Amino acid sequence: METKDSCGAGDTFHGAFAWAVAAGADTAAALDIASWSAARKCAVFGNAGIPDSIQLQQFLADEV
């Protein structure tokens, strides 16, 4: 995956991690979701790459 814009990756990581923990994910799954979310954000310029709650729920379901 090519990096296009890393601005906001940390906020995306922290937000996705908090969401995953609140959704009941264990620490390892929450870190996976957060890392995946930050990587998606970096692959697109601007905020278009930030996953929404439906995408986060799908990723969590696939992880568990």
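It should be emphasised that the depicted structure is a prediction, and the values quoted were computed from it without experimental measurement. (Residues numbered from 1 in each chain as written. Predicted model: local features only at pLDDT ≥ 70, side-chain atom pairs only at ≥ 80, totals over all residues. Heavy atoms only, no water.)

Enquirer: So what's going on with the side chain of Lys41? Which residues, and what values?
Expert: If you trace the backbone, Lys41 turns up in helix 2 (residues 27-42). The exposure class assigned to Lys41 is buried, which follows from its relative accessible area of 0%. A polar contact of 3.2 Å, which involves the side chain of Lys41, links it to the backbone oxygen of Cys7. Contact partners of Lys41, with chain neighbours within four places excluded, come to Asp5, Cys7, Gly8, Ala9, Thr12, Gly46, Gly49 and Ile50. (Helix = DSSP H or I, 4+ residues; strand = E, 2+ residues; numbered from the N terminus. Buried < 20%, exposed > 50% of the residue type's maximum accessible area, 1.4 Å probe, protein only. Polar contact = N/O pair within 3.5 Å; in protein donor to acceptor, adjacent residues only side chain to side chain. Contact = heavy atoms within 4.5 Å.)

Enquirer: Give me the pattern of salt bridges: which residues, what numbers.
Expert: If you walk through the whole model with that rule in mind, you get one salt bridge. Two residues, Asp5 and Lys41, come together in a salt bridge whose shortest N-O distance is 3.4 Å. Here Lys41 lies in helix 2 and Asp5 lies in the segment before helix 1 (9-22), a separation of 36 residues in the sequence. (Salt bridge = Lys/Arg side-chain N within 4 Å of Asp/Glu carboxyl O.)

Enquirer: Give a detailed account of the nonpolar core, specifying residues and quantitative values.
Expert: Core analysis: the largest hydrophobic core is formed by ten residues, namely Ala16, Ala20, Ala25, Ala29, Ala30, Ile33, Ala34, Leu56, Phe59 and Leu60. Taken together, the elements giving at least two residues each to this core come down to helix 1, helix 2 and helix 3 (53-63). It is helix 2 that contributes the most residues to this core, four residues altogether. Dropping the residues within four chain positions of it, Ala25 is found in contact with Ala20, Ala30 and Leu60. (Core = buried A, V, L, I, M, F, W, Y, C linked by side-chain atoms within 4.5 Å.)

Enquirer: Give me the packing of aromatic side chains: which residues, what numbers.
Expert: Applying the stated criterion across every chain yields a total of one aromatic pair. A ring pair is formed by Trp36 and Phe59, whose centres lie 4.4 Å apart and whose planes are at 15°; its orientation type is stacked. Placement of the pair is Trp36 in helix 2 and Phe59 in helix 3, with a sequence separation of 23 residues. Given the relative accessible area of 16%, Phe59 is considered buried. (Phe/Tyr/Trp six-rings, centres within 6.5 Å; stacked < 30°, edge-to-face > 60°.)

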